[in-house]
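Architecture at a glance
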Amino acid sequence: RPDNPEAHFDLAQALEIKADGLQEPERTQGLRQAISTYLEVVRLDASHHRAHYNVGLVHHKLKSWAAEIAAYGEALKLQPGYTAAMYNLAFALRDKGDIAGAKTAFMKYLRASEQDKGEARFRVVAQRELAKLSGGGQP
């Protein structure tokens, strides 16, 4: 079924996993193929927030900070409370050098995740990063 977005999503994940085990330049080529396949998912299902999120994850591997940030932003437009995208967006903003944006993103993540026990270990890391970005003090 070429019109099945979940089949394309699964294929994109498999391509990403395969690429991770390759050497350059095949690794980069494989990761770009995974991105293209995730974008096919979005073409087939514009509401597929996980595809946008995974595009962000792949761009992180490629160290394409602006594209990573944009992908997490798209995921959050579709699913505003998506804590995984909030968390990774904060780190991507930090990596790009947008300290003010990263601090805001970490604070949003911490507010959104405070009732979710499954986020506990990520919250500790986010709090630590926010403290570093705030000059070493407690957030």
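Overview of the structure. (Residues numbered from 1 in each chain as written. Predicted model: local features only at pLDDT ≥ 70, side-chain atom pairs only at ≥ 80, totals over all residues. Heavy atoms only, no water.)

Let's talk about unusual backbone geometry
Cis geometry marks the peptide bond from Glu24 to Pro25; its omega dihedral reads 5°. Mapping Pro25 onto the fold places it in the loop between α1 (5-20) and α2 (26-44). (Helix = DSSP H or I, 4+ residues; strand = E, 2+ residues; numbered from the N terminus.)

Description of the packing of helix α5 (residues 83-96) against helix α6 (residues 99-113)
It is the contact of α5 with α6, at a shortest axis distance of 8 Å, that shows an interaxial angle of 160°. By the angle between their directions, the pair α5 and α6 is classed as roughly antiparallel. For the element pair α5 and α6, the recorded crossing hand is left-handed. On α6, the residues touching Thr83, Met86, Tyr87, Ala90, Phe91, Leu93 and Arg94 of α5 are Gly101, Ala102, Ala105, Phe106, Lys108, Tyr109, Ala112 and Ser113. (Axes fitted to C-alpha atoms, helices over the stretch in contact; angles between N-to-C directions. Parallel < 35°, antiparallel > 145°, perpendicular 65-115°, else oblique. Left-handed = near helix turned anticlockwise from the far one by under 90°. Contact = heavy atoms within 4.5 Å.)

Here we look at the packing of aromatic side chains
Applying the stated criterion across every chain yields a total of seven aromatic pairs. Pairing Tyr87 with Phe122 gives two aromatic rings, centres 5.3 Å apart and planes at 75°, and the pair type is edge-to-face. Of this pair, Tyr87 sits in helix α5 while Phe122 sits in helix α7 (residues 120-133), and the two are 35 residues apart along the sequence. Note on Phe122: relative accessible area 28%, which makes it partly exposed. Here a set of aromatic residues connected by ring pairs shows up, and it is made of Tyr87, Phe91, Phe106, Tyr109 and Phe122. The ring of Phe9 is capped by Arg50, whose NZ or CZ atom sits 4.5 Å from the centre of that ring. (Phe/Tyr/Trp six-rings, centres within 6.5 Å; stacked < 30°, edge-to-face > 60°. Buried < 20%, exposed > 50% of the residue type's maximum accessible area, 1.4 Å probe, protein only. Lys NZ or Arg CZ within 6 Å of the ring centre and 35° of its normal.)

Describing the environment of Lys108
One can find Lys108 in helix α6. The class of Lys108 is partly exposed, set by a relative accessible area of 47%. For the pair Lys108 and Ala14, spaced 94 residues apart in sequence, the C-alpha to C-alpha distance is 32 Å.

Let's talk about the side chain of Thr37
When you line up the elements, Thr37 lands in helix α2. Owing to a relative accessible area of 11%, Thr37 belongs among the buried residues under this scheme. The contact partners of Thr37, leaving out residues within four places of it in the chain, are His8, Leu11, Ala12 and Leu15.

Topic: the pattern of salt bridges
Under the counting rule described, the total for this entry stands at ten salt bridges. Its salt-bridge partner being Arg50, residue Glu6 comes within 3.1 Å of it at the nearest N-O pair. Here the residue Glu6 occupies a position in helix α1, and Arg50 occupies one in helix α3 (residues 49-61), the gap between them amounting to 44 residues. For Glu16, the salt bridge goes to Lys61, with nearest N and O atoms at 2.8 Å. Of this pair, Glu16 sits in helix α1 while Lys61 sits in helix α3, placing them 45 residues apart in sequence. Assessed through its relative accessible area of 9%, Glu16 is described here as buried. One network of salt bridges, in which partners are shared, links Arg94, Asp95, Glu129 and Lys132. (Salt bridge = Lys/Arg side-chain N within 4 Å of Asp/Glu carboxyl O.)

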